[in-house]
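Residue-level structural notes
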Number of protein chains: 2
Amino acid sequence: MYRTHNCGELRAEHIGQTVTLSGWVQRDRDKGFMMFVDLRDRYGITQLLFSEEKTSKELFEKARTLGREFVIQVTGTVIERVSKNKELPTGDVELEVKELSILNPAKVPPFTIEDETDGGDDLRMKYRYLDLRRTPLQRNMIFRSKLALETRKYLDSQQFVEIETPFLIKSTPEGARDFVVPSRMNPGQFYALPQSPQTFKQILMVGGLDRYFQIVKCFRDEDLRADRQPEFTQIDCEMAFVTQEEILQTFEGLTKHLFQHTLGVTLPDFPRMSYDEAMRRFGSDKPDLRFGMEFNELNAVAQGKGFNVFDAAELVVGICVPGQAEYTRKQLDEITNWVKRPQIGAKGLVYVKCNEDGSFKSSVDKFFSQEDLQAWADAMGAKAGDLLFVLSGEAEKTRKQLNELRLEMGRRLGLMKAGDFKPLWVVDFPLLEWDEDAERFFAMHHPFTSPKKEDVERMLTGDHETMKNLRADAYDLVINGSEIGGGSIRIYDRKLQERNFKLLGFTPEEAEDQFGFLMGAFEYGAPPHGGIAFGFDRLCAVMNGQSSIRDFIAFPKNNQGRDMMIDAPSAIAEEQLEELNLEVTEIVEE
Amino acid sequence: MYRTHNCGELRAEHIGQTVTLSGWVQRDRDKGFMMFVDLRDRYGITQLLFSEEKTSKELFEKARTLGREFVIQVTGTVIERVSKNKELPTGDVELEVKELSILNPAKVPPFTIEDETDGGDDLRMKYRYLDLRRTPLQRNMIFRSKLALETRKYLDSQQFVEIETPFLIKSTPEGARDFVVPSRMNPGQFYALPQSPQTFKQILMVGGLDRYFQIVKCFRDEDLRADRQPEFTQIDCEMAFVTQEEILQTFEGLTKHLFQHTLGVTLPDFPRMSYDEAMRRFGSDKPDLRFGMEFNELNAVAQGKGFNVFDAAELVVGICVPGQAEYTRKQLDEITNWVKRPQIGAKGLVYVKCNEDGSFKSSVDKFFSQEDLQAWADAMGAKAGDLLFVLSGEAEKTRKQLNELRLEMGRRLGLMKAGDFKPLWVVDFPLLEWDEDAERFFAMHHPFTSPKKEDVERMLTGDHETMKNLRADAYDLVINGSEIGGGSIRIYDRKLQERNFKLLGFTPEEAEDQFGFLMGAFEYGAPPHGGIAFGFDRLCAVMNGQSSIRDFIAFPKNNQGRDMMIDAPSAIAEEQLEELNLEVTEIVEE
């Protein structure tokens with residue numbers, strides 16, 4: 001036995017007992033005649049005492065050879081600590097060591113293994129085993145494990161069955177790029193890794209499993225942003241004989257359960273907002289509701305006063321930043337430059353200060369009278385002391401810009417509080433999006449999403465313009481401005497699915513080749529069904545008020561898709577390529 | 001709402017209520033003026049009644065159009081059933097239908113959707129959604145889900161953390177063949193899909209996570225046998241600061257928990273047997289202990305009597321088949337031919353009948369007197385009425401052959417009872433196996449397995465012969481002759497790991513290139529650790545007394561590694577290959 005207790009376990013009640021602990025040397029303090037060592041494991045830290053007086057000289061000298069991160073085993077007596085440490089659960093006691101065994105020495109780690117580390121991203125990923133020893137990462141891993149278990153317990157209580165779907169499936173061109181896997185037994189042919197188990201979970205509904213879920217890895221070969229990983233995890237769910245309302249209730253229930261049982265947070269019922277309303281009020285389909293600053297459309301009061309920029313604009317829209325009328329010239333210049341950066345792309349920013357004395361000061365005083373500005377303030381519900389920001393231009397673009405500005409002001413004013421959770425269902429998404437460049441429709445959610453019942457007939461028979469206005473039984477769960485989950489009611493009728501594929505630019509042959517099995521399944525008694533998938537990595541991060549998913553993934557890849565620790569991907573042996581009937585073509589450096 | 005209740009829910013207490021059900025038409029019986037329909041879903045079957053008397057003519061006619069596997073929704077009144085069906089939980093009631101809606105019609109299924117189906121393997125895999133509707137498969141999927149949840153609950157209660165390890169890792173030549181995944185972002189380089197998370201779970205121990213588990217897919221590109229799949233599922237576990245004894249205790253605990261909470265079976269403590277003993281007593285490292293017929297070595301009593309076959313043999317060994325002395329000439333010929341088949345490869349089979357009158361009749365009466373045979377019977381603990389089978393030859397081969405014969409006799413005599421569970425720990429495996437053909441050592445478990453403490457010094461300094469006799473802290477969990485799990489205490493010292501790689505034929509460069517990260521991790525404070533992995537698919541099958549894992553996998557692949565339903569693998573687009581810097585070489589048909 002390497003230990004009788006772990007390093008987070010000893011309390012006053014253990015005083016007098018002889019115990020054995022194992023763990024890592026966190027730090028030591030050599031006081032000359034006494035030496036203290038903090039021994040660490042996943043469960044906590046226990047202070048070890050080596051005293052020259054009570055310890056053999058040999059043992060004391062051995063203790064002096066210990067370095068940070070050495071793995072040791074000690075046996076000794078639990079004694080009362082003279083100066084108690086209230087910060088530590090074990091702070092009432094210490095271990096007077098009688099025996100010390102060095103299980104494994106350690107080189108000096110390349111960064112400090114403390115809550116705050118001095119290691120850069122690359123170093124932390126290369127020495128992930130050291131980074132994982134840090135308490136924040138251990139806490140994250142344990143949180144993630146608990147979140148997964150609570151997900152399973154809840155869904156089990158709702159009669160969901162967890163079913164594993166295959167990882168070696170078929171490549172389909174719709175959606176993101178697939179990772180592919182050459183098949184040795186079927187030369188020249190490839191499997192693909194699933195971007196999601198979408199068609200399989202639908203097949204399970206046709207197969208009568210009724211309620212399916214899976215916490216499952218998915219794969220997308222996309223160019224990576226800081227916040228994306230080539231492999232990520234989903235809580236993937238599907239239900240048969242179900243309406244949108246029942247799905248929202250079920251997964252609102254799941255979300256509440258998870259917040260309650262991991263964070264102790266009781267969430268109120270989730271508000272719902274249509275896609276159109278979300279775009280109008282926040283310029284985003286994933287609004288952060290932790291703060292206001294809703295959009296106010298000002299066309300009626302701001303146009304026709306001779307200010308060309310506004311008069312020529314499709315939309316004039318603003319937000320009221322409460323209590324910020326004192327913004328300085330410098331701050332205003334700075335935020336104006338911020339919205340003019342290429343990433344945001346606004347041409348300019350109009351501001352209006354609602355002074356405490358009831359007067360207004362704006363960047364467009366030349367064109368607008370105090371009465372005009374009063375009308376703006378009224379339209380925006382502004383009070384004295386508030387600051388108005390107004391953007392104008394093409395409606396969709398302008399809304400997006402103002403959304404960015406609103407979020408930025410939320411950040412600057414500290415309105416995105418970590419412990420504050422504002423969930424929201426966004427519903428009634430458009431079914432199809434017209435892409436001007438590609439000259440084709442794309443599925444707003446995915447090709448299996450059903451139009452609303454009242455739109456089915458129009459979809460089957462309508463013209464091109466009609467298609468742009470079809471609504472889907474599709475929904476997103478948004479928390480604090482992050483899309484946590486998304487789903488839809490699915491098509492379960494062959495004819496409607498064929499129509500959808502046609503609208504999405506599939507030839508009948510392509511549709512049959514790629515999804516013939518699913519359309520075939522619809523002919524053998526497919527029930528109405530629908531589902532949802534939650535981004536599990538993101539959910540972990542959002543629940544902990546963090547923005548990066550990397551610290552919730554044990555072994556993340558960097559932005560080049562590389563695992564820095566094991567150094568993957570890498571070249572493979574020529575014989576492996578031969579067995580797979582493959583050749584690497586000449587690599588052209590870009 | 002598609003339903004107020006499911007099809008397994010209605011009882012006498014619901015009589016008089018108006019309810020709505022949805023489901024599949026299992027069968028109908030048209031009695032002319034009355035029609036009965038069995039409506040099925042995952043939860044059960046409810047009888048629907050359409051009566052000409054009480055139903056509109058229109059509704060009755062509509063009911064007559066229903067076919068098998070139609071998906072329908074019905075609303076009606078729960079009434080008492082005249083002839084109750086005691087077989088069905090819902091058998092006290094039926095639903096007098098008032099409204100019928102056909103949600104989706106169905107073509108005639110290509111095989112019957114009943115407990116026993118007439119569909120062949122290929123057809124069942126192609127129409128997996130229909131096969132999955134059958135009760136046995138639904139039961140299997142639900143069992144599997146419950147088994148996974150109970151695994152997680154138990155391991156959570158033992159402070160294990162479930163941590164997801166990556167699927168896109170690095171290819172290593174040791175072990176089975178990898179599936180590889182070309183990297184678009186790193187042209188000419190490949191990821192590999194993990195054969196197991198072995199090195200990652202060890203890294204997690206170095207990372208201080210202390211107790212890790214994961215229910216995880218693993219991948220092996222091997223030629224497939226009936227009961228192998230290219231992707232399979234493991235319960236994968238690792239513990240730090242742990243001895244073999246603690247691991248056996250923990251996972252014996254898990255196994256008992258699973259049997260108790262899914263089958264209601266209480267298992268007694270598991271016996272343990274060394275590898276050597278298992279080979280000696282059963283000729284197998286995974287003996288089926290549901291029945292006896294242990295091996296008895298007969299060299300002492302059977303050699304030196306002038307029977308050349310025995311005299312020239314390294315080993316003469318037999319089993320006593322209880323109560324089968326009445327075996328006929330025909331049966332004896334048949335079983336003799338059975339052991340002589342190339343798959344078994346015995347040269348012949350010696351039998352001895354222990355007659356009820358105390359005399360013996362054997363196939364070697366020419367060479368052995370009644371007294372000789374009495375000595376055999378004594379050595380084998382045989383009684384009057386028993387039948388002895390004896391094989392001879394080179395020891396290892398002969399033991400394997402007799403193992404096959406023992407199992408075959410167990411099958412023929414019905415001694416492998418489905419509800420009888422006989423778990424066993426096999427321990428003290430050899431560390432290395434010498435392969436005469438390859439002229440090198442192979443790891444009996446895997447290259448990370450530690451020799452026993454007392455063998456470490458011999459391993460570091462011993463000669464070639466010494467290496468053959470090293471014992472490992474390695475163990476297998478065997479249930480009813482199936483290997484359910486296997487694991488070991490790991491090496492955690494760089495020097496010892498380097499030595500092991502060298503014995504396994506790695507050059508220092510190869511070892512560093514493939515496993516440098518792990519050996520590097522050992523230098524930064526690696527704790528002693530060990531673990532185990534359970535084959536989850538097999539565990540499901542064995543617990544249900546079944547031999548094939550396919551019926552416990554929702555979407556299995558066939559022996560050519562193909563998914564018959566989605567028709568994968570398949571060719572991919574030329575552009576995909578180009579993006580990956582790959583070319584398919586000419587395919588030579590064999």
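Definitions and cut-offs
- Residues numbered from 1 in each chain as written.
- Chains lettered and ligands numbered in written order.
- Predicted model: local features only at pLDDT ≥ 70, side-chain atom pairs only at ≥ 80, totals over all residues.
- Heavy atoms only, no water.
- UniProt positions renumbered as here; feature names shortened; annotations may be inferred.
- Contact = heavy atoms within 4.5 Å.
- Buried area = accessible area lost by both parts, 1.4 Å probe.
- Salt bridge = Lys/Arg side-chain N within 4 Å of Asp/Glu carboxyl O.
- Polar contact = N/O pair within 3.5 Å; in protein donor to acceptor, adjacent residues only side chain to side chain.
- Helix = DSSP H or I, 4+ residues; strand = E, 2+ residues; numbered from the N terminus.
- Nonpolar A, V, L, I, M, F, W, Y, C, P; charged D, E, K, R; others polar.
- Pairing = 2+ DSSP bridges.
- Buried < 20%, exposed > 50% of the residue type's maximum accessible area, 1.4 Å probe, protein only.
- Expected span 1.5 Å × (residues − 1).
- Axes fitted to C-alpha atoms, helices over the stretch in contact; angles between N-to-C directions.
- Least-squares fit on C-alpha atoms with pLDDT ≥ 70 in both.
- 1 Å grid on protein atoms, 1.4 Å probe; cavity = no way out; pocket = protein on both sides within 12 Å on 5 of 7 lines; lining within 4 Å.

Named according to an unreviewed UniProt entry, chain A is Aspartate--tRNA ligase originating from Flavilitoribacter nigricans. For chain A, the Subunit (unreviewed entry) comment in UniProt is given as "Homodimer." Comment text from UniProt for chain A, heading Catalytic activity (unreviewed entry), reads "tRNA(Asp) + L-aspartate + ATP = L-aspartyl-tRNA(Asp) + AMP + diphosphate".

Quick word on the interface of chain A and chain B
Opposite the 124 residues of chain A that make contact, chain B presents 124 residues. Both sides of the chain A and chain B interface together cover about 11,200 Å² of buried area, and 60% of this is carbon and sulfur. Where chain A packs against chain B, one counts 14 salt bridges. In this structure, Glu 164 of chain B and Arg 144 of chain A form a salt bridge, with 2.7 Å as the shortest nitrogen-oxygen distance. Where chain A packs against chain B, one counts 65 residue pairs in polar contact (both at pLDDT 80 or more). With 9 residues, the top contributor of residues to the side of chain A that touches chain B is helix H4 (residues 135–157) of chain A. For the side of chain A that touches chain B, the per-class residue count stands at 67 nonpolar, 26 polar and 31 charged. Pairing analysis gives 3 bridges linking strand S23 (residues 582–584) of chain A to strand S23 (residues 582–584) of chain B, with the strands arranged antiparallel. If you follow Val 584 of chain A over to S23 of chain B, its bridge partner there is Leu 582 of chain B.

Notes on unusual backbone geometry
Residue Pro 569 of chain A is bonded to the preceding Ala 568 of chain A through a cis peptide linkage, with omega at 0 degrees. The topology assignment puts Pro 569 of chain A in the loop between helix H17 (536–543) and helix H18 (574–579). A positive phi angle, near 70 degrees, is found at Gln 159 of chain B, a position not held by glycine. Mapped onto the elements of the fold, Gln 159 of chain B is located in the loop between helix H4 (135–157) and strand S6 (161–162). Its relative accessible area of 39% is what places Gln 159 of chain B among the partly exposed residues. Backbone geometry at Asn 480 of chain B places phi at a positive 50 degrees, although glycine is not the residue there. By secondary structure assignment, the location of Asn 480 of chain B is in the loop between strand S20 (474–479) and strand S21 (482–489). Given the relative accessible area of 10%, Asn 480 of chain B is considered buried.

What to know about H4 of chain A
Helical geometry note: an α-helix holds 3.6 residues per turn, so side chains three or four residues apart project in the same direction. Here H4 of chain A spans 33 Å end to end across 23 residues, near enough to the 33 Å set by a 1.5 Å rise per residue. Positive phi appears at Gln 159 of chain A, one or two residues downstream of H4 of chain A, with a value of about 70 degrees.

Overview of the sheet that holds strand S10 (residues 231–240) of chain A
Residue and element names in this part refer to chain A. Strand order in this open sheet of 8 strands is S6-S9-S10-S22-S21-S20-S17-S11, and the pairing throughout is mixed. What marks the edges here is a single partner per strand, and that holds for strand S6 (161–162) and strand S11 (272–274). When strand S21 (residues 482–489) meets strand S22 (residues 529–535), the two strands line up antiparallel, connected through 5 bridges. Of the residues in S22, the one forming a bridge with Ser 488 is Gly 531. Against the sheet, helix H6 (residues 244–263) touches S10, S11, strand S17 (423–427), strand S20 (474–479), S21 and S22, its axis set at about 20 degrees to S20. Contacts between helix H7 (residues 275–282) and the sheet are confined to S11 and S17, with S11 contributing the most and set at about 90 degrees to the helix.

A short note on the relation of the copies chain A and chain B
If you rotate chain A by 180 degrees and push it 0.0 Å along the axis, it lands on chain B with an RMSD of 0.1 Å. Given the turn and translation reported, the copies of this chain are related as if by a two-fold rotation axis. Most of the interface of chain A is mirrored in chain B: 100% of its interface residues are interface residues there too.

Regarding the environment of Glu 394 of chain B
Residues and elements named next belong to chain B. Mapped onto the elements, Glu 394 comes out in the loop between strand S16 (387–393) and helix H12 (395–412). Given a relative accessible area of 38%, Glu 394 falls into the partly exposed group. With 81 residues separating them in the primary sequence, Glu 394 and Ala 313 have C-alpha atoms 6.2 Å apart. Of note is the side chain of Glu 394, whose polar atom sits 3.2 Å from the backbone nitrogen of Glu 396.

Some details on the sheet that holds strand S3 (residues 44–51) of chain A
All names here are of chain A. Around the barrel, which closes on itself, the 5 strands sit in the order S1-S2-S3-S5-S4 with mixed pairing between neighbours. Here the average twist between neighbouring strands, direction ignored, is 55 degrees. Taken together, the 8 bridges between strand S2 (residues 34–41) and S3 define a ladder with antiparallel strand orientation. Across the sheet, the residue bridging to Asp 41 is Gly 44, located in S3. Contacts between helix H1 (residues 57–64) and the sheet are confined to strand S1 (18–30), S2, S3 and strand S5 (93–104), with S5 contributing the most and set at about 70 degrees to the helix.

Observations concerning the pattern of salt bridges
Scanning all chains against the criterion turns up 113 salt bridges over all chains. In this structure, Arg 490 of chain B and Glu 238 of chain B form a salt bridge, with 2.7 Å as the shortest nitrogen-oxygen distance. Of this pair, Arg 490 of chain B sits in the loop between S21 and helix H15 (494–503) while Glu 238 of chain B sits in strand S10 (residues 231–240); the two residues are 252 residues apart in sequence, bridging distant segments of the chain. Note on accessibility: Arg 490 of chain B and Glu 238 of chain B belong to one class, buried. Overlapping salt bridges bring together Asp 121, Arg 124, Arg 128, Asp 131, Arg 134, Arg 550 and Asp 551 of chain A as one network.

Quick look at the environment of Ala 472 of chain B
Residue and element names in this part refer to chain B. Inspection of the secondary structure assignment puts Ala 472 in the loop between helix H14 (464–468) and S20. Given the relative accessible area of 1%, Ala 472 is considered buried. Between the alpha carbons of Ala 472 and Ile 489 there is a distance of 8.0 Å; along the sequence they are 17 residues apart. When neighbours within four sequence positions are excluded, Ala 472 is seen to be in contact with Asp 428, Phe 429, Pro 430, Leu 431, Thr 449, Ser 450, Pro 451 and Lys 452.

Focus on the UniProt feature "binding site: ATP" (unreviewed entry) in chain A
Look at the UniProt record and you will see "binding site: ATP" (unreviewed entry) annotated at Arg 220, Asp 221, Glu 222, Gln 229, Glu 483, Gly 535, Phe 536, Asp 537 and Arg 538 of chain A. For the largest cavity, the lining residues among the annotations just cited are Phe 536 of chain A. Tracing the sequence through the fold places Glu 222 of chain A in the loop between strand S9 (211–219) and S10. Using a relative accessible area of 23% as the deciding quantity, one classes Glu 222 of chain A as partly exposed. Setting aside anything within four residues of it in sequence, one finds Glu 222 of chain A in contact with Ala 176, Arg 177 and Arg 228 of chain A together with Arg 184 and Met 185 of chain B. Tracing the chain through its elements places Gln 229 of chain A in the loop between S9 and S10. Assessed through its relative accessible area of 6%, Gln 229 of chain A is described here as buried. Dropping the residues within four chain positions of it, Gln 229 of chain A is found in contact with Leu 224, Ile 549, Arg 550, Ile 553, Pro 556 and Lys 557 of chain A.

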